[in-house]
Amino acid sequence: MKLYNLKDHNESVNFTQAVLRGIGHDQGLFFPDEIKPFSKDQIKELLSLPLVERSQKILRHLIGDDELPELDDIVADAFNFPAPLVKAEENCWCLQLFRGPTLAFKDFGARFLARVLQAVRNGRHLTILTATSGDTGAAVAGAFHGQNGIDVVVMYPQGKITPLQEKLIATLGGNVHAIEVSSNFDQCQDLVKRAFDDEDFRTRIGLNSANSINIARLLAQVTYYFEAVAQLPSDKRDHVVFSVPCGNFGDITAGLIARALGLESRFVVACNVNDTVPRYLSTGKWEPRPTVQTLSNAMDISRPNNWPRTEALFKMQGWKLSDLAFGSLTDAQTEDSMREVFAKTGYITEPHAAIALSVLKANLKEGESGIFLGTAHPAKFRSDVERILGTRIPLPMALQRVIGRECHKYEMTPDYDELKAYVLQTLE
């Protein structure tokens, strides 16, 4: 697999190099120089396979035959949980991506990345530095916890993730180090970018990232779009629309890669009031605003890192950005969406999925089959869901195990020098 730096096309790497570097020169993202589609017969065959076997074939097709000989074992170990497609309303299904160990869609990408890095690090010590708006940190912490030769530093904005999300990050200990930053997610992400620009620091600690800027995480997410279509009745597969709750835009970029591979589908961007991309698609002007805290905290991102990949893919495929549907909801509208589907069918959503469902219905055309992504278990947003729906949400075992544990975290301001000093002192 050949990838290039979107900011410096002269920087070309293979898959292993891209995974180990995380990000390229000038904070540029790595992206494939081409995506070869499957034939229609190959797509049909893939859709007949179980999740793991299909995912092995898709990722081998993307990565190539000459890299990562351990790929099949990595996929089988990483994707050891289901992703069921559940009907929520007429012609609207939820792809439930929260059946993994930390109850979020990011378990797919984080577990795959952790196992790939372990396979390719060649005895080198690595430090994973990642920023999270909620679920990334928990998935990364869980995926790397206890792994030899790899330390994990997770930064999250103070008061802007749920208590249960924090428990999944800050109660593990060992090689997982939690930092609570008095800031928003975008500032946490800026600290990660500064660390990658600091060549001495980067080399000294073997710096890497588990955010969706790492290509391994992105490619892992491609696979479950095929899983969603495979679970639809065969007569519903011809006109599929995916509605993706968008924060950093990695998830929808992965879906669009699935489309480029030949999975016939249309995509809808679903955002909260942090709606930089919907406004850009509407006006043609890129005008990020200060990040606003919302019920759908994983989407509280005003400067999505993966948007350059989305634009690069549209250019590569000759698609028009004007064909990308979009919509955004306020918190009040999000609550209305949650109540509406619960009253109609009894289906329980959390804020992110509720936004995706509402925007899906607003954009669904006659004869289309709609799939919205359920990116996190409703219990992770228990207090809000119970308040909004007036019903009790039982805690899954993964949350029962951590709810009584004490959090251990380092508290800091969004100051790069302080971050650097803490990491060096902790790891050395």
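As a reminder, the structure under discussion sits directly above these lines.
Thresholds applied
- Residues numbered from 1 in each chain as written.
- Predicted model: local features only at pLDDT ≥ 70, side-chain atom pairs only at ≥ 80, totals over all residues.
- Heavy atoms only, no water.
- 1 Å grid on protein atoms, 1.4 Å probe; cavity = no way out; pocket = protein on both sides within 12 Å on 5 of 7 lines; lining within 4 Å.
- Points joined across faces, edges and corners; volume = space filled by probe spheres on them.
- Helix = DSSP H or I, 4+ residues; strand = E, 2+ residues; numbered from the N terminus.
- Nonpolar A, V, L, I, M, F, W, Y, C, P; charged D, E, K, R; others polar.
- Axes fitted to C-alpha atoms, helices over the stretch in contact; angles between N-to-C directions.
- Parallel < 35°, antiparallel > 145°, perpendicular 65-115°, else oblique.
- Left-handed = near helix turned anticlockwise from the far one by under 90°.
- Contact = heavy atoms within 4.5 Å.
- Pairing = 2+ DSSP bridges.

Participant: Explain empty space enclosed by the protein to me, please; I cannot follow it from the model alone.
Facilitator: Empty space among the atoms can be located by rolling a probe the size of a water molecule over them. The tally for this structure, following the rule as stated, stands at 5 cavities of 30 Å³ or more. Considering only enclosed or pocket space, the largest cavity measures out at about 260 Å³ in volume. What lines the largest cavity is a set of 25 residues, and nearest its centre among them are F105, K106, G247, N248 and A298. It is helix α11 (residues 250–260) that contributes the most residues to the lining of the largest cavity, 3 residues altogether. Taken together, the residues that form the lining of the largest cavity break down as 10 nonpolar, 11 polar and 4 charged. Looking at the second largest cavity, its volume works out to about 70 Å³. Residue lining of the second largest cavity: S133, P157, K160, N184, F185, T291, V292, Q293, N297 and D300, and that is the complete set.

Participant: Got a minute to help me understand the packing of helix α10 (residues 215–231) against α11 in this structure?
Facilitator: Describing two packed helices takes the angle between their axes plus the distance from one axis to the other. Interaxial distance between α10 and α11 falls to 8 Å at its minimum, and their mutual angle equals 60 degrees. When the axes of α10 and α11 are compared, the pair comes out oblique. Between α10 and α11 the crossing geometry is right-handed. Facing L218, L219, Q221, V222, Y224, Y225 and F226 of α10, the residues of α11 in contact are G250, D251, I252, T253, A254, G255, I257 and A258.

Participant: Even after reading the chapter, I still don't get the sheet that holds strand β2 (residues 8–14), so can you show me in this structure?
Facilitator: Strand pairing in a sheet relies on backbone hydrogen bonds. The paired strands run either parallel or antiparallel. Here 3 strands make up an open sheet; going across it, the order is β2-β1-β3 and the pairing antiparallel. Edge positions in the open sheet fall to β2 and β3 (30–32), since each of these has one partner strand only. On average, each strand axis in the sheet is inclined to that of its neighbour by 35 degrees, with strand direction left out of account. Note: strand β1 (residues 2–5) against β2, 4 bridges, orientation antiparallel. Note that in β2 the partner of K2 across the bridge is N14.

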